[in-house]
Structure formats: structure tokens, C-alpha cells
Amino acid sequence: MLAIIGGSGLTQLANLNVIRREVMRTPYGEPSGALTFGQLCEHPVVFLARHGYGHTIPPHRVNYQANLWALREAKADAIISVASVGGIRDDLGPGVLVVPDQIIDYTWGRKSTFHESSEQPVVHIDFTRPYDEVVRQRILAAAVAAGQPVVNGGVYAATQGPRLETAAEINRLERDGADVVGMTGMPEAALARELGIPYAAINVVANFAAGRGNSAAQICFGSIDVVLREAMGRVREVLEHICEGPAK
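Residues numbered from 1 in each chain as written. Predicted model: local features only at pLDDT ≥ 70, side-chain atom pairs only at ≥ 80, totals over all residues. Heavy atoms only, no water.

Trainee: Even after reading the chapter, I still don't get the overall build of the protein, so can you show me in this structure?
Mentor: Check the secondary structure of the protein and you find five helices and 11 strands. Taking 248 residues into account, the globule formula puts the C-alpha radius of gyration at 18 Å, and the protein, at 17 Å, falls close to it. Seen through its C-alpha atoms, the protein measures out along the principal axes to roughly 45 × 45 × 35 Å. By the burial criterion, 53% of the 248 residues in the protein qualify as buried. For the protein, contacts bridging at least 24 residues in sequence account for 81% of all contacts bridging at least 6. Of the roughly 11200 Å² of accessible surface on the protein, 51% is carried by carbon and sulfur atoms. Charge-centre separation for the protein: the mean point of 22 positive side chains lies 3 Å from the mean point of 26 negative side chains. (Helix = DSSP H or I, 4+ residues; strand = E, 2+ residues; numbered from the N terminus. Rg over C-alpha atoms; globule rule 2.2 N^0.38 Å. Buried < 20%, exposed > 50% of the residue type's maximum accessible area, 1.4 Å probe, protein only. Contact = heavy atoms within 4.5 Å. Areas by Shrake-Rupley, 256 points an atom, 1.4 Å probe, with all protein chains shown as cover. Lys, Arg positive; Asp, Glu negative; His and termini not counted. Charge placed at Lys NZ, Arg CZ, Asp CG, Glu CD.)

Structure below.
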């Protein structure tokens, strides 16, 4: 079963044929909301709104452990994360879809592992390639089939939030090699890896990052909703084409 985690701009999957909703309990507390089970192009899908269905949970307060554990209990065999980001590179302006292949983690204080008990052995995961390449290629192939242009590859910088970054911080991220910036990619990707669930992401550029493009002086929040509404329609098309292909 494919799991889809929706971020800002995708708190529900309008093209999902909903079968049932289920409130999950986990050893790590409650997930962001009930899991929504349904079918997308006759393919079984489970959907979870990362920030809650009313978009009330800020990035640093998301219970990533509970979310990922609940999706594992729901028998998810792959996860696609949809998240809005700020574009750092000049060619990554509002509305561009990016399928990242790397992460730099700048978050702090978040529960980032399932193996933190003093009674458990230390567990190290290989995180050389943080996104599953098979799932990435499914996304890229679906985008081609849907006729939707996407950028293949990019470095996602995960910042703490909930505030947006300063222009100086974006300059630093650029020097570090980041192409886009968001607040939810970690520890989500690492927790999925610990659970052995293939995980990849579709990033939607909602705005230029601070100090870039039309955000040079300040970020215009009024235009972000417009950008996300249009772009998420294209994301839904890509997700449909993923589900039209053979389940993997």
C-alpha cells in the first residue's frame, strides 16, 4: 500500500476515493490525525496530513515518530512525502516541482530515532542516500507520463521553524550546497529508513527563499496560497499516474 504524507497545501487528497478513516494509537503517542484509507486509480492508498487536517501542528511539534509508526502499522510499503519549500536556486521559483535526492539536517530537539532507550542497543542506519531511488524513479516516470515537468535531484535543507529564515541564513544554506529549504523533511526521512519503508519526496516551491527573487526584501505570504493551489493540482496528477502503474 502506498502512503502519502501531505504537507502545507495538501491537507486532503481530493482525488482519493475514501473507504474509511482510522484513528491509530502508537507507542509514541498520537499521529497528526486519523489515517485516511482509500483508492487512487484503483490503487490502495493511505493518506496522512502531516500538520493535522486543520493545519494546526507546526513543523517542530509534529509527532514524526507516531506518524511513521502508524503508517508502518497500516502496512505501507512505500511513502511519498509532499512538502512545500522555499527555492534557493535561481531556477527554482514558485510553482516548480522538485524531487530531491539529498538532505542537510539543521533541526534540533526533535525525536529523531526509534532506538533511544538505554535498554536497547545503539542502531546506526546508512543514510548516504536519504531518499529511496526506486520510489524517486516512480515519481519521475509518473511526472513524465502526466506531462508535468519536475526537477530531478536537489539538496533539501531541513530547518527548525516555524519561523522562516533570514536572508543571511539562506546565504549560509546556499554555501552549504542546499537548493531548497523546508521544515519537515527531517527526522521524517530518517525514521522511515529505520522502519525499512522506502521513502521519497515531492517538493513544491511555494516561494523564493528569503533574500532571493521576489523575496529579496520580504516574503509575500499572500501569493503563496495561490501558488500552492495551482501546484498541488499538478502534484495530484503525478500521484494519480504513480498509482496507475504497477504496485511495487
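Trainee: Any chance you could explain the packing of aromatic side chains here in plain terms?
Mentor: How two aromatic rings sit relative to each other is given by the distance of their centres and the angle of their planes. Applying the stated criterion across every chain yields a total of five aromatic pairs. For the ring pair Phe47 and Tyr53, a centre distance of 6.4 Å and an interplane angle of 55 degrees mean the geometry is tilted. Classification of Tyr53 as partly exposed rests on a relative accessible area of 34%. Among the aromatic side chains, those forming a connected cluster through ring pairs are Tyr28, Trp69 and Phe114. The positively charged end of Arg20 is found above the aromatic ring belonging to Phe37, 3.9 Å away from the centroid. Stacked on the ring of Trp69, the Lys or Arg Arg72 has its end atom at 4.1 Å from the ring centre. (Phe/Tyr/Trp six-rings, centres within 6.5 Å; stacked < 30°, edge-to-face > 60°. Lys NZ or Arg CZ within 6 Å of the ring centre and 35° of its normal.)

Trainee: What am I meant to see in unusual backbone geometry here?
Mentor: Of all residues except glycine, most have a negative phi; of all peptide bonds, most are trans. Of the consecutive residues Gly161 and Pro162, the connecting peptide bond is found in the cis state with omega at 0 degrees. Inspection of the secondary structure puts Pro162 in the loop between strand E9 (155-158) and helix H3 (167-176). Cis geometry marks the peptide bond from Met186 to Pro187, where omega comes out at 10 degrees. If you trace the backbone, Pro187 turns up in the loop between strand E10 (180-182) and helix H4 (188-195). Of note, Cys41 is a non-glycine position whose phi angle comes to about 55 degrees, a positive value. Along the chain, Cys41 turns up in the loop between strand E3 (35-40) and strand E4 (43-49).

Trainee: It is not clear to me how the pairing of strand E1 (residues 2-6) should be interpreted in this structure. Could you clarify?
Mentor: Two faces, one strand: in a regular strand the side chains alternate between the faces of the sheet. In terms of burial, E1 is largely enclosed, as five of its five residues are buried. Neither face of E1 is left uncovered, since the one carrying Leu2, Ile4 and Gly6 and the one carrying Ala3 and Ile5 both have all their residues buried. The pairing of E1 with strand E5 (residues 78-87) spans five bridges and is classified as parallel. By the bridge assignment, Ile5 is partnered in E5 with Ser81. (Pairing = 2+ DSSP bridges.)

Trainee: Help me understand the pattern of salt bridges in this model?
Mentor: A side chain with one charge can pair with a side chain of the opposite charge if their charged atoms come near. Counted according to the given criterion, the structure contains 11 salt bridges. Close ionic contact of Glu169 with Arg163 constitutes a salt bridge, the shortest N to O distance being 2.9 Å. Overall, Glu169 belongs to the partly exposed group, its relative accessible area being 28%. Salt bridges linked by common partners bring Arg89, Asp91 and Asp179 together as one network. (Salt bridge = Lys/Arg side-chain N within 4 Å of Asp/Glu carboxyl O.)

Trainee: Would you take a moment to explain H4 for this structure?
Mentor: Residues three or four positions apart in an α-helix share a direction because the helix packs 3.6 residues into each turn. Of all the eight residues making up H4, seven are buried; the element is thus mostly covered by neighbouring parts of the structure. All of the buried residues along H4 are Glu188, Ala189, Ala190, Leu191, Ala192, Glu194 and Leu195. On the buried face of H4, the contacting elements are E1, helix H1 (64-73), E5, strand E7 (102-105) and strand E11 (199-208).

Trainee: Where do I start with the packing of H1 against H4 in this structure?
Mentor: Pairs of packed helices are described in terms of their axes, by the angle between the two and the distance that separates them. Following both chains from N to C, one finds H1 and H4 inclined at 40 degrees, their axes separated by 10 Å at the closest point. The angle between H1 and H4 places the two elements in the oblique class. In this structure, the crossing between H1 and H4 has a hand that is right-handed. Residue-level inspection shows Tyr64, Gln65, Leu68, Trp69 and Arg72 of H1 in contact with H4, the latter providing Glu188, Leu191, Ala192 and Leu195. Of the residues in the contact of H1 with H4, the class split is six nonpolar, one polar and two charged. (Axes fitted to C-alpha atoms, helices over the stretch in contact; angles between N-to-C directions. Parallel < 35°, antiparallel > 145°, perpendicular 65-115°, else oblique. Left-handed = near helix turned anticlockwise from the far one by under 90°. Nonpolar A, V, L, I, M, F, W, Y, C, P; charged D, E, K, R; others polar.)

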